[in-house]
Amino acid sequence: MYLTRFRVNTARPGSRRLLSSPQAIHAAVMSSFPHLLPTGDDTPRVLWRIDHNARAEILLYIVSPDQPDLTHLVEQAGWPAAAANATADPRLRGWQSYSYAPFLERITPGSTWGFRLTANPVHHIRRKEGEPKKRTAHITPGHQMRWLLERQERSGFRILTKPADRRLTDHGNEHDLIVHNRRDLRFSKSPDTTQAKHSVSVLAVTFDGRLEVTDPTALRRTLTAGLGKAKAYGCGLMTLAPLG
C-alpha cells in the first residue's frame, strides 16, 4: 500500500477545472494506475481526498495498492517547470509517495491519534408508507457526527471525549470531534445534462478529531478500504496523524 500527497497549483486553469468536478479528479487519479484492476468493497482500493487547508494550499491525498505516476497531474495542475528538475532533486517532481505498511504496523491497541475523514454520511429512510427506502444524506452536523459514532466500533477505533471544561453541555457534544467543510456535489454522469436520471448528488463533509485504537486490524482495513459511500467521488479516506 502507498500513501501519496500531491499539491495542487491553484493558479492553473487546469486545477480549477479539476476541482470543480469530482468525476474529473476520479478519472485523473485512476489514470495514474494503468495496470490496476477493479477490486471489491472489502479489499484495498484506490481512495482519494481533497484537503482545502488554505486558499492557496490544496492537497490531494491518495491511498492505493500500487504506487501512482502523477506526471499527467503535474502537467495539468502542478508545477511542470519545477518538475523538469526532478532528476536533480526528486522533491520537485510534484508529489510524494510513501510505503504505507511501516505506518500501518505502528497502529497498536490503545494508541491515540488525530484523524481526518471526508465522508458521505447517509441513511436509508422511507418517505411515505409503502414506498421503498431511499438513501438520504444526513443534513445537520449532529446527525453527521452520530453517523460516524455509530460506525466507530466496527471500524476499529473509539473517538475520544473532551475534558469536562471543554464540553458544550447545552449542545451535548462530549466527543473530541468537529464536522466542517460541507460540500453539496451535483453533477451528471451522462454527457447529455438534460437526462436527470443520470444526475448524481453527493453530500460530503470532513471530520477532524482524536481517536483511540480498539482493533488495529479493523482500523487498518478502514484506512485502506475506506469508510462509507461515494468513494469514487472523494469520500471514505481517513488519515491519521500523531498527537503532539
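This text goes with the structure placed above it.
What counts, and at which threshold
- Residues numbered from 1 in each chain as written.
- Predicted model: local features only at pLDDT ≥ 70, side-chain atom pairs only at ≥ 80, totals over all residues.
- Heavy atoms only, no water.
- Pairing = 2+ DSSP bridges.
- Helix = DSSP H or I, 4+ residues; strand = E, 2+ residues; numbered from the N terminus.
- Axes fitted to C-alpha atoms, helices over the stretch in contact; angles between N-to-C directions.
- 1 Å grid on protein atoms, 1.4 Å probe; cavity = no way out; pocket = protein on both sides within 12 Å on 5 of 7 lines; lining within 4 Å.
- Points joined across faces, edges and corners; volume = space filled by probe spheres on them.
- Nonpolar A, V, L, I, M, F, W, Y, C, P; charged D, E, K, R; others polar.
- Buried < 20%, exposed > 50% of the residue type's maximum accessible area, 1.4 Å probe, protein only.

## Here we look at the sheet that holds strand E4 (residues 95-99)
So, point 1. What the 4 strands build is an open sheet, ordered E2-E3-E1-E4; its pairing is antiparallel. Of all strands in the sheet, those bounded by a partner on one side alone are strand E2 (47-54) and E4. Along the sheet, successive strands turn relative to each other by an average axial angle of 20°, direction set aside.
So, point 2. Here strand E1 (residues 2-8) pairs with strand E3 (residues 57-64) via 7 bridges, running antiparallel. Considered in E3, the bridge of Arg-5 is made with Tyr-61.

## With respect to the layout of surface pockets
So, point 1. Looking at the largest pocket, its volume works out to about 580 Å³.
So, point 2. In terms of lining residues, the largest pocket is bounded by 22 residues, among which Gly-226, Leu-227, Gly-228, Lys-229 and Lys-231 are the most central.
So, point 3. For the lining of the largest pocket, the secondary structure elements donating two or more residues are strand E6 (122-125), helix H7 (152-155) and helix H8 (216-225).
So, point 4. Residues of the lining of the largest pocket, tallied by class, amount to 7 nonpolar, 7 polar and 8 charged.
So, point 5. Space inside the second largest pocket adds up to approximately 410 Å³.
So, point 6. If you trace the second largest pocket, you find 17 residues lining it, with Arg-135, Ala-137, Ser-201, Val-202 and Leu-203 closest to the centre.
So, point 7. Elements supplying a minimum of two residues to the lining of the second largest pocket: strand E7 (134-137), strand E9 (177-188) and strand E10 (199-213).
So, point 8. Taken together, the residues of the lining of the second largest pocket sort by class into 8 nonpolar, 3 polar and 6 charged.

## Observations regarding the pairing of E10
So, point 1. Counting buried residues along E10, 11 of its 15 residues qualify, which places the element largely inside the surrounding structure.
So, point 2. With 8 bridges joining them, strand E5 (residues 112-119) and E10 adopt antiparallel strand pairing. Among the inter-strand pairings, Ala-119 is bridged to a residue of E10, identified as Val-205.
So, point 3. Here strand E8 (residues 157-159) pairs with E10 via 3 bridges, running antiparallel.

## Some words on empty space enclosed by the protein
So, point 1. On inspection of all chains with the given rule, the structure shows 1 cavity of 30 Å³ or more.
So, point 2. Surrounding the largest cavity, Phe-6, Val-8, Ser-15, Leu-18, Leu-19, Ile-25, Ala-28, Ile-50, Leu-60, Leu-73 and Ala-77 form its lining.
So, point 3. The element contributing the most residues to the lining of the largest cavity is helix H1 (residues 13-19), with 3 residues.

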